Amino acid sequence: GSGKTIILALKVAYLHAKNPEWKIAVTFNTRSLKEQFQQLIRTFTYEHINEEPNWENIDIYHAWGSSAIEGIYYNFCKDHQIEYFDFSSAKRLTNEYGQEFDAACEHVLSMCTTVTSKYDLIVIDEAQDFSSAFLKICYSLLNAPKRLIYAYDELQSLNKKSMDTPENIFGVDEKGVPLVVLKNELGQPKQDIVLNTCYRNSKQTLTTAHALGFGIYRDQMVQMFAQSSLWNDIGYRVINGSLSFGNTVTLTRDNDTSPDFLSNHSDLDDLISFKVFEDELSQIEYVVNEIKKNIEEDELRPDDIIVVHTNPLATKGAVGAYRSKLYDLGINSNLAGVSTSADVFFTDDAVTFTGIFRAKGNEAAMVYVINSEYCYDGFELAKKRNILFTAITRSKAWVRVCGVG
């Protein structure tokens, strides 16, 4: 909610207006971001030059791509006459689920000795989801002086990756000198920028999401920043204790980093609430009835509402009962990427049901998180807690976290 996607779109529009001859690429992991990027870049370009962008010079591509839709990796394979691997065939390159695209990128880099550069600027959103191999592909496609902008949020990583340093990601030249070093020098534009203000979530929602994402109140925390100073960087301040390892500390967010318009408008229990149900049927009844109330009494539109299922492998089967009951009440709904195009997340006059991967990068006034017990414990707990963090922080106003048992 710090505005990463908006800032990237602003940069593209500004640089396109200043350098209309530049060839620019924008890439991302969540396919439904494509439409959002198109709308934002068009709006911001009109502000600069009062006309439509020259889309001939701006490619908005999914990272992977296929024969059906262009993508950075797919086009790289096609341009360099290297075998392309889709998801199914990429499984042959790795034994680890979730590492298919990484393996495909590593393979293409190993097969390609000479790269034909084609872009003057590449912008990467959701970089926490990409391996260094994909970032290297983007870097290799750039003309000198290699203008690359990438934005990331490590707590939204839904795999085992964490962002490495640019020195490790991009490697060194033949003399051992790092190809990329980010510096913040006095009097120069910053190259490494932390966005510490959250515009989307109330401070109550964001601190709750952080507490659950890190497992702050467990006997054994799930994960933690490698540097304690990062808590300051992302907008927290100390009100008690010492912000150093081995010490007790109490942190809070103030109005500078979490604007208080939501906090002033609604009570805490209205902004975020947790609902525990004895069985799945009770959870379904609650969510369906609350959505009906949201639309009929609370003056929300159907497309103000997102329902996020926590287990990406079970989403399609799990949300059918909810959608059926809503249909019986005359309320339309979509399952993002299944009943809609993969490039579309919201449709007019319909509640959006989604798995966590398609939810990323999107936001709505009311968010229901269902079957959150999936994120309580078990294998790959950090990944599960990141799912919960990501789901909660889709909300621009209200969150209902629901679970069974």
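The preceding data block contains the structure.
The rules behind the values
Per chain, residue numbering runs from 1 following the sequence as it is written. Whole-chain, interface and lining totals are the exception, using all residues; otherwise, since this is a predicted model, local features are given only for residues with pLDDT of at least 70 and side-chain atom pairs are given and counted only at 80 or more. Water and hydrogen atoms play no part in the side-chain values, which are based on all heavy atoms of the structure. Ring geometry is summarised as follows: Phe, Tyr and Trp rings, the Trp one being its six-membered ring, pair when their centres sit within 6.5 Å, and such pairs are stacked at plane angles under 30 degrees, edge-to-face over 60 and tilted between the two. Burial status follows relative accessibility: with a 1.4 Å probe on protein chains alone, a residue under 20% of its type maximum counts as buried, one over 50% as exposed, and anything between as partly exposed. In this description a helix means any DSSP run of H or I spanning at least four residues, a strand means any run of E spanning at least two, and both kinds are numbered starting from the N terminus. Here, a charge over a ring means that NZ of Lys or CZ of Arg falls within 6 Å of the ring centre while also lying within 35 degrees of the ring normal. Should DSSP find at least two bridges between two strands, the strands are regarded as paired. All axes are obtained by fitting lines to C-alpha atoms, using only the stretch in contact for helices, and the reported angles, taken between N-to-C directions, cover 0 to 180 degrees. Consider the strands pointing away from the viewer: the crossover is right-handed when the path from the first strand over the helix to the second runs clockwise.

**Q** Would you mind going over the packing of aromatic side chains with me for this structure?
**A** Remark: the centre distance and the inter-plane angle together describe each pair of aromatic rings, the angle taken between the planes. Overall, the coordinates contain 19 aromatic pairs when judged by the stated rule. Seen in terms of ring centroids, Trp 64 and Tyr 73 are 6.5 Å apart; in terms of plane orientation they differ by 85 degrees. Their pairing is edge-to-face. Since its relative accessible area comes to 13%, Trp 64 is described here as buried. On the basis of relative accessibility, which here comes to 0%, the residue Tyr 73 falls in the buried class. Between Tyr 73 and Phe 101, the ring centres sit 5.8 Å apart and the planes meet at 90 degrees, which makes this aromatic pair edge-to-face. Separated by 28 residues along the polypeptide, Tyr 73 in helix 3 (residues 72–80) and Phe 101 in helix 5 (residues 100–111) bring together distant segments of the chain. By relative accessible area, which is 10% here, Phe 101 ends up buried. Pairwise contacts between aromatic rings join Trp 64, Tyr 73, Tyr 74, Tyr 84, Phe 87, Phe 101, Phe 130 and Phe 134 into one cluster. If you follow Arg 253 out to its NZ or CZ, it ends over the ring of Tyr 236, 4.8 Å from the centre.

**Q** When you look at the sheet that holds strand 4 (residues 148–150) in this model, what are you seeing that I'm missing?
**A** Each strand in a sheet pairs with another by means of backbone hydrogen bonds, the pair being arranged parallel or else antiparallel. An order of 2-1-3-4 is seen for the four strands of this open sheet, with the pairing classed as parallel. At either margin of the open sheet sits one strand with a lone partner, and together these are strand 2 (58–62) and strand 4. Between one strand axis and the next, the sheet turns by 15 degrees as a mean value, whatever way the strands run. Across four bridges, the pairing between strand 1 (residues 24–28) and strand 3 (residues 121–124) is parallel. Across the sheet, residue Thr 27 finds its bridge partner in strand 3, namely Ile 124.

**Q** Looking at this model, I keep getting lost on the pairing of strand 11 (residues 364–370). Mind explaining?
**A** Look at any regular strand and the pattern is simple: side chains alternate between the two faces of the sheet. Among the seven residues that make up strand 11, seven are buried, leaving the element largely enclosed by the rest of the structure. When strand 8 (residues 305–309) meets strand 11, the two strands line up parallel, connected through five bridges. Counted as the bridge partner of Val 308 is Val 369 from strand 11. Bridge count for strand 11 against strand 12 (residues 395–404) is five bridges, and the pairing is parallel. Across the sheet, residue Val 367 finds its bridge partner in strand 12, namely Val 399. Each parallel crossover has a hand, and the one from strand 11 via helix 16 (residues 381–392) to strand 12 is right-handed.

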